[in-house]
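Report on the structure
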Amino acid sequence: MFLPILFGFLVGVALCLTFGTVFFALIQNSVDNGFRSGMKIVLGVITGDTLFVLAALLGTAFIPKVQGFETFMAVVGVLFLVAMGLVNILKGTPRLAYPKTSFGNFVYYFTTGFFLNALNPVNFVSWVAIVAYIRSHLHYSTGQQYAFMTAALVGVLVTESALAYYANRLKRLFTPRVVLIFNRTTGVVFLIGAANIAYTRLLEPLSKALNW
C-alpha cells in the first residue's frame, strides 16, 4: 500500500507544476492579496479535483446525459477564460492590496479556483486517464486505487498551498511593474487556454461533423 500512496502523491505534485491557468491564477492572487486569498483558491481547486476523482473512480454512469451538455460547458469555459484573460491584460498598473477576510471574498476566490479548474475539460480527462492507467496497467485493487487517488489529492493540496505561501513570502520582489508584466502574462495564458478548449472541444468536432 505504501507505493500506491507514494506514487499518488508524486502524481498530484506533478499535476500542479504544469504551469496552466490555475497555477498562474494562484501565484497572481497570492502575490496581490496575500496567502489567505491563495488558500481560498486552493480550496476551490481541490473541491473540483475531488469531484473529478470521485467521478473517475465511481464511473460517470450515474450522471444523467444531457444533449449538448459538454458543448455548453466548453463554451462557458471559453467565455470564462477569455474574460479572465482580458481583465488581466487590460487593467492598469495594479495596487498591491490585502483585503480583509469576509464571506464575499471567500466566495469570490473559492469560485475562481473552482471554475478555473472545473471548466477546463482537460482536467477531468487527466483524472480519468490516471484511473484507467492504474487499473489496466498497474492492476491496482480497489483499495489501492482509492489510496492512490487520495494521495494524489493530498499532493495537489500540499503543492498548491506551498505555492501560495512562498509566492506571498516573495511579494517584496514583485514591484508594481513586475506584477503588471506578470498579470499580462497570466492573461495571455488564460487566452491560450480558451483557444485550446475552443479548438479541441468546439471547432475540431464541428469540422469533423461537417467533413471540412
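The following paragraphs examine the structure supplied in this document. In this text, all values refer to a predicted model and were calculated from it rather than measured experimentally. (Residues numbered from 1 in each chain as written. Predicted model: local features only at pLDDT ≥ 70, side-chain atom pairs only at ≥ 80, totals over all residues. Heavy atoms only, no water.)

1. Quick look at the overall build of the protein
The helix and strand tally for the protein stands at 8 helices and 0 strands. Going from the N terminus to the C terminus, the protein shows its helices and strands as α-α-α-α-α-α-α-α. Long-range contacts, defined here as pairs at least 24 residues apart, represent 89% of the contacts in the protein between residues at least 6 apart. Summed over all atoms, the accessible surface of the protein reaches about 12000 Å², with 71% contributed by carbon and sulfur. (Helix = DSSP H or I, 4+ residues; strand = E, 2+ residues; numbered from the N terminus. Contact = heavy atoms within 4.5 Å. Areas by Shrake-Rupley, 256 points an atom, 1.4 Å probe, with all protein chains shown as cover.)

2. Thoughts on the side chain of aspartate 49
By secondary structure assignment, the location of aspartate 49 is in helix H3 (residues 35-58). The buried category is assigned to aspartate 49, whose relative accessible area is 6%. Of note is the side chain of aspartate 49, whose polar atom sits 2.9 Å from the side chain of asparagine 117. Excluding residues that lie within four positions of it along the chain, aspartate 49 makes contacts with Asn117, Trp127, Leu153 and Val156. (Buried < 20%, exposed > 50% of the residue type's maximum accessible area, 1.4 Å probe, protein only. Polar contact = N/O pair within 3.5 Å; in protein donor to acceptor, adjacent residues only side chain to side chain.)

3. Details of the packing of helix H1 (residues 2-16) against helix H7 (residues 142-169)
H7 packs onto H1 with a crossing angle of 40° between their chain directions and a minimal axis gap of 6 Å. The orientation of H1 with respect to H7, classified from their angle, is oblique. Taken as a pair, H1 and H7 cross one another with a handedness that is right-handed. Contacts between H1 and H7 involve Pro4, Ile5, Phe7, Gly8, Phe9, Val11, Gly12, Val13 and Cys16 on the former and, on the latter, Gln144, Ala147, Phe148, Ala151, Ala152, Val154, Gly155, Val156, Val158, Thr159, Glu160 and Leu163. Counted by class, the contact of H1 with H7 contains 15 nonpolar, 5 polar and 1 charged residues. (Axes fitted to C-alpha atoms, helices over the stretch in contact; angles between N-to-C directions. Parallel < 35°, antiparallel > 145°, perpendicular 65-115°, else oblique. Left-handed = near helix turned anticlockwise from the far one by under 90°. Nonpolar A, V, L, I, M, F, W, Y, C, P; charged D, E, K, R; others polar.)

4. Considerations on the packing of aromatic side chains
Scanning all chains against the criterion turns up 6 aromatic pairs. Seen in terms of ring centroids, phenylalanine 35 and tyrosine 165 are 5.8 Å apart; in terms of plane orientation they differ by 90°. Their pairing is edge-to-face. With phenylalanine 35 in helix H3 and tyrosine 165 in helix H7, the pair connects residues that are 130 residues apart, well separated along the chain. Given the relative accessible area of 33%, tyrosine 165 is considered partly exposed. Arranged with centres 6.0 Å apart and planes meeting at 55°, the rings of tyrosine 140 and phenylalanine 148 form a pair that is tilted. Each member of the pair, tyrosine 140 as well as phenylalanine 148, is classed as buried. One aromatic cluster is present, formed by Phe35, Tyr165 and Tyr166 through successive ring pairs. (Phe/Tyr/Trp six-rings, centres within 6.5 Å; stacked < 30°, edge-to-face > 60°.)

5. Describing the packing of helix H2 (residues 21-33) against H3
Packed helices, taken two at a time, are described by their axes: the angle between them and the distance between them. Between H2 and H3, the least distance of the axes is 6 Å, while the angle of their chain directions is 155°. By the angle between their directions, the pair H2 and H3 is classed as roughly antiparallel. Between H2 and H3, the contacting residues are Val22, Ala25, Leu26, Asn29, Ser30 and Asn33 on the first element and Phe35, Ser37, Gly38, Ile41, Val42 and Val45 on the second.

6. Re the environment of glutamate 160
Within the fold, glutamate 160 resides in helix H7. Overall, glutamate 160 belongs to the buried group, its relative accessible area being 6%. Excluding residues within four positions of it along the chain, glutamate 160 makes contact with Cys16, Val22, Leu26, Val42 and Val45.

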